[in-house]
Amino acid sequence: MIVRIVKLTFKKENVSNFEQIFEETKEGIRAFNGCNHLELFQDIHNKNTFFTYSYWDKEDSLNLYRNSDFFKAVWAKTKVLFDAKPEAWSVHKRHILN
């Protein structure tokens, strides 16, 4: 399993547009083959900065999603809202304590 972390910073006036896009597409993202978990976080101080955490079976599954028509359509609507270049990391979970 890999965890995909993406930092998204939007122009302040575009935050509600992004939230609407996410609301409309989150089920499609989560239902994509190989995606096991999806979360959206908002920075407590910078309300225009968000982070997505998604869990994928393997990197190939993530890449199939990233190359899908679904992702391309969502990304086309989202990228015009940015205030900064998005950052992304694919990581392996090493430890978890509950």
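For the structure, see preceding data.
The following paragraphs examine the structure supplied in this document. (Residues numbered from 1 in each chain as written. Predicted model: local features only at pLDDT ≥ 70, side-chain atom pairs only at ≥ 80, totals over all residues. Heavy atoms only, no water.)

Some details on the layout of surface pockets
Turning to step 1, where the next piece is worked out: Estimates place the volume of the largest pocket at around 420 Å³.
Turning to step 2, where the next piece is worked out: What lines the largest pocket is a set of 21 residues, and nearest its centre among them are Val6, Thr52, Tyr65, Phe71 and Trp75.
Turning to step 3, where the next piece is worked out: Elements that contribute at least two residues to the lining of the largest pocket include exactly strand E1 (2-9), helix H1 (15-31), strand E3 (49-56), helix H2 (59-66) and helix H3 (69-79).
Turning to step 4, where the next piece is worked out: By residue number, the principal contributor to the lining of the largest pocket is H1, which donates 5 residues.
Turning to step 5, where the next piece is worked out: Looking at the lining of the largest pocket residue by residue, the class counts come to 15 nonpolar, 4 polar and 2 charged. (1 Å grid on protein atoms, 1.4 Å probe; cavity = no way out; pocket = protein on both sides within 12 Å on 5 of 7 lines; lining within 4 Å. Points joined across faces, edges and corners; volume = space filled by probe spheres on them. Helix = DSSP H or I, 4+ residues; strand = E, 2+ residues; numbered from the N terminus. Nonpolar A, V, L, I, M, F, W, Y, C, P; charged D, E, K, R; others polar.)

Description of H2
Turning to step 1, where the next piece is worked out: Considered for burial, the residues of H2 that qualify are Ser61, Leu62 and Tyr65. Seen from one end, H2 has its buried residues packed into an arc of 100°, which puts them on one side. Projecting away from the buried face of H2 at angles above 90 degrees are the exposed residues Asp60 and Leu64.
Turning to step 2, where the next piece is worked out: Summarising the contacts, the buried residues of H2 are in contact with E1, H1, E3, H3 and strand E4 (87-91). (Buried < 20%, exposed > 50% of the residue type's maximum accessible area, 1.4 Å probe, protein only. Arc of directions from axis to C-beta. Contact = heavy atoms within 4.5 Å.)

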